[in-house]
Amino acid sequence: MAKLALSGKLGVVIPVALGLAAIALTHLYFSFKEDQLGFSAEPVPVLVATTDIPRMTRLNEEMFAVQKVPRRFRQPEALDPSKGRSLLNQVAIAPIKKGEQIVGTKLIDFGVETGLAIKVPKGRRAVTIAVDDISGVAGLVKPGNHVDILATFNFGGGDKSDMRSYTLLQDVLVLASNQNLGLETEVARAALTSTGERGGSRPPQESAPSDSNRANLTVALNPLQSQTLVWAQK
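My aim in this report is to walk through the structure given alongside it, one point at a time. (Residues numbered from 1 in each chain as written. Predicted model: local features only at pLDDT ≥ 70, side-chain atom pairs only at ≥ 80, totals over all residues. Heavy atoms only, no water.)

On to the packing of aromatic side chains, then. Counted by the stated rule, this structure contains four aromatic pairs. Ring-pair connections join several aromatic residues into one group, and the members of that group are Phe153, Phe155, Tyr166 and Trp231. (Phe/Tyr/Trp six-rings, centres within 6.5 Å; stacked < 30°, edge-to-face > 60°.)

Listed in full, the buried residues belonging to helix α3 (residues 223–233) are Gln225, Ser226, Leu229 and Ala232. Down the axis of α3, the buried side of the element spans an arc of 135°, and every buried residue falls inside it. The exposed set on the far side of α3, more than 90 degrees from its buried face, consists of Leu224, Gln227 and Trp231. Near the N-terminus of α3, the side chain that reaches the backbone nitrogen of leucine 224, with its oxygen 3.1 Å away, is that of asparagine 222. (Buried < 20%, exposed > 50% of the residue type's maximum accessible area, 1.4 Å probe, protein only. Helix = DSSP H or I, 4+ residues; strand = E, 2+ residues; numbered from the N terminus. Arc of directions from axis to C-beta. Polar contact = N/O pair within 3.5 Å; in protein donor to acceptor, adjacent residues only side chain to side chain.)

Moving on to the environment of valine 46. By the element assignment, valine 46 lies in strand β1 (residues 43–49). Considered as a pair, valine 46 and leucine 79 are 33 residues apart in the sequence and their alpha carbons are 6.9 Å apart. Those residues in contact with valine 46 that sit more than four places away from it in its chain are Ala65, Val66, Gln67, Val69, Arg74, Pro81 and Gln101. (Contact = heavy atoms within 4.5 Å.)

In this section: the pattern of salt bridges. A complete count under the given rule lists four salt bridges for this structure. When the shortest N-O distance is used, the salt bridge between glutamate 42 and arginine 71 registers 2.9 Å. Linking glutamate 42 in the loop between α1 (2–41) and β1 with arginine 71 in the loop between β2 (64–70) and β3 (90–92), this pair joins segments that are 29 residues apart in sequence. Its salt-bridge partner being aspartate 52, residue lysine 97 comes within 3.7 Å of it at the nearest N-O pair. In this pair, lysine 97 sits in the loop between β3 and β4 (107–109) while aspartate 52 sits in the loop between β1 and β2, placing the two residues 45 residues apart along the sequence. (Salt bridge = Lys/Arg side-chain N within 4 Å of Asp/Glu carboxyl O.)

In structure tokens form, the structure reads like this:
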């Protein structure tokens, strides 16, 4: 009889204990989710564009304001509102729409160095070559492009001409087109356009060559390639 009574009590206690444990775990789960949802819904300040900002526009105080959005809607690269003053030294390198959060990936400091020296990869040399509308692909080659360089030589003698073309170099990085260094030059020009003037030297302007059909490309080469190209141009 004692054994039967004990078994009966266990048959009641165990299900009750399991039920209480399930209730406790459920309560903990919902408490965790509530805290999680509350955290993600917590309002946080962000910088938002108050007007459409075109590409290559220097920001001013009228172009952005602080707004609060739920934390889960804050963009990963959104700028800290406490650094709003630093935006006055920034240029948009991509369009920013009105109401869009201002993120660091769409901005660049207009004080960025524009000299050629910082553009030349380590172990490379800058060499300039003359091109025309045909060899320069109608002027469509821009800084950052990669090109092949070909040369034509005359192996004939006297009145006999023997013209042959060879590919001297392949996959060569273009550093500059005339005096245009690419994005950095665009940014510096945008800053000057917005302010009228700026301390320090003015950025290089892409001047027109004396012959309208000719231009210059500056490319990055290793020392041996530089020697080859200089020799070929002579």
